[in-house]
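Tertiary structure, described
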Amino acid sequence: MVIHSLRCSHNSPPCHPMSSNVLQQPGFFGSIMADSQSHQGIPICTMIDYARAYLFVHSDTMDMEEVKVVIVPGNGAGNVEAANWYGWLHYKLKENNVKSILRNMPDPITARESVWLPFMQDELGCDENTIIVGHSSGAEAAMRYTETHKVKGIVLVSACVTDLGDANERASGYYNRLWQWDSIRANTGFIAQYGSTDDPFIPWLEQKEVADQLNSNLFKFEDKGHFMNTAFPELLAFLKSVL
């Protein structure tokens, strides 16, 4: 690493050049700021330039949390790595040096909101540096989660807005109240959506309702059904474009 000598633009004596070893000492920045408070004879220009140099040296690590992708499956997935495209996407992301999290979900059949949302927060670590990829029930979980939590973005696959008259879906708890569309939009950096007009479970009008309410970046297909293939190259390409 090359550290350039920094010169003052003020009328005080020139500041001294600094080595990278000095700049990288633990607590260096704090000690300079402490000196500035106690006025221990360090010229103002020196303190300013030391601070600038410190920020230059550490600019690659400060305030830059690693972005991760969390894949939330649909209900009934069982072993998620062997279900649909989940495992395929997970390992493709890892091959591209992207942190990806894919876990078997608790309550996998009913996918209750009261169980899945705490698991997403406490176990999967969904936070402001997370892109949530949710499929089917996982899409509804992603939407409910982002009503109250900020994330980097969400990708919804085969999303819907009602329980479609299915007792198991009704028991999940996602559909028993109005959706907070404004909150979802406010808490997400971006929203992408994948839907297919030939989905055998979710009518296109339901998928379109999600897209209209969230103003999502909608990728519309006519031959993907419920997106239950073993690979999803279109989704991988999109994620690589936003990472």
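Up top is the structure.
Since this is a predicted model, take the numbers as computed values, not measurements.

1. Concerning the overall build of the chain
Per the secondary structure count, the chain includes 10 helices and six strands. The proportion of buried residues among the 243 residues of the chain is 47%. Put simply, 67% of the contacts in the chain that link residues at least 6 apart link residues at least 24 apart. Total accessible area on the chain stands at roughly 12,500 Å², and carbon and sulfur atoms take up 51% of it.

2. Description of the pairing of strand S6 (residues 217-221)
Within a regular strand, side chains alternate between the sheet's two faces. Summarising the sheet, strand S5 (residues 191-196) and S6 pair through five bridges and their orientation is parallel. Residue pairing across strands places Ala192 opposite Asn217, the latter belonging to S6. As for the winding sense of the linkage, the β-α-β connection from S5 through helix H9 (residues 204-214) to S6 is right-handed.

3. Section: H9
Taken residue by residue, H9 has Trp204, Glu206, Gln207, Val210, Ala211 and Leu214 as its buried positions. Of the surrounding secondary structure, the elements contacted by the buried residues of H9 are helix H6 (137-145), strand S4 (153-157), helix H8 (181-186), S5 and S6. Immediately beyond the C-terminal end of H9, within one or two residues, lies Asn215, with a positive phi of roughly 50 degrees.

4. Details of the sheet that holds S4
The strand order across the open sheet formed by six strands is S2-S1-S3-S4-S5-S6, and the pairing between neighbours is parallel. Looking at strand neighbours, the two that pair on one side only are strand S2 (99-102) and S6, the edges of this open sheet. The sheet shows a mean angle of 15 degrees between the axes of neighbouring strands, taken without regard to direction. Relative to strand S3 (residues 130-135), strand S1 (residues 68-72) is paired through five bridges, and the arrangement is parallel. Among the inter-strand pairings, Val69 is bridged to a residue of S3, identified as Ile131.

5. A look at unusual backbone geometry
Unusually for a residue other than glycine, Asn97 sits at a positive phi of about 60 degrees. Here Asn97 lies in the loop between helix H4 (86-95) and S2. A positive phi angle, close to 50 degrees, is found at Asp107, a residue other than glycine. Mapped onto the elements of the fold, Asp107 is located in the loop between S2 and helix H5 (113-122).

6. Description of the packing of H4 against helix H10 (residues 233-242)
For the pair H4 and H10, the least separation of the axes is 10 Å and the interaxial angle reads 35 degrees. Relative to H10, the crossing made by H4 is right-handed. Of the residues in H10, those touching H4 at Trp88, Leu89, Lys92 and Leu93 are Pro233, Leu235, Leu236 and Leu239. Here the contact of H4 with H10 is built from residues that sort into seven nonpolar, no polar and one charged.

7. Some details on the nonpolar core
Counting residues in hydrophobic clusters, the biggest one holds 32 residues, and the most contacted among them are Met120, Ile132, Met143 and Leu156. Of all the secondary-structure elements, those providing two or more residues to this core are S1, H5, H6, S4, H8 and H9. Of all the elements, H6 adds the most residues to this core, at five residues. Beyond its immediate sequence surroundings of up to four residues, Met143 is in contact with Leu156, Ala159, Cys160, Trp179, Trp181, Ile184, Val210 and Leu214.

Quick notes on the rules
Residues numbered from 1 in each chain as written. Predicted model: local features only at pLDDT ≥ 70, side-chain atom pairs only at ≥ 80, totals over all residues. Heavy atoms only, no water. Helix = DSSP H or I, 4+ residues; strand = E, 2+ residues; numbered from the N terminus. Buried < 20%, exposed > 50% of the residue type's maximum accessible area, 1.4 Å probe, protein only. Contact = heavy atoms within 4.5 Å. Areas by Shrake-Rupley, 256 points an atom, 1.4 Å probe, with all protein chains shown as cover. Pairing = 2+ DSSP bridges. Right-handed = clockwise from strand over helix to strand, strands pointing away. Axes fitted to C-alpha atoms, helices over the stretch in contact; angles between N-to-C directions. Left-handed = near helix turned anticlockwise from the far one by under 90°. Nonpolar A, V, L, I, M, F, W, Y, C, P; charged D, E, K, R; others polar. Core = buried A, V, L, I, M, F, W, Y, C linked by side-chain atoms within 4.5 Å.

Limitation: the analysis is restricted to geometry and does not speak to function.
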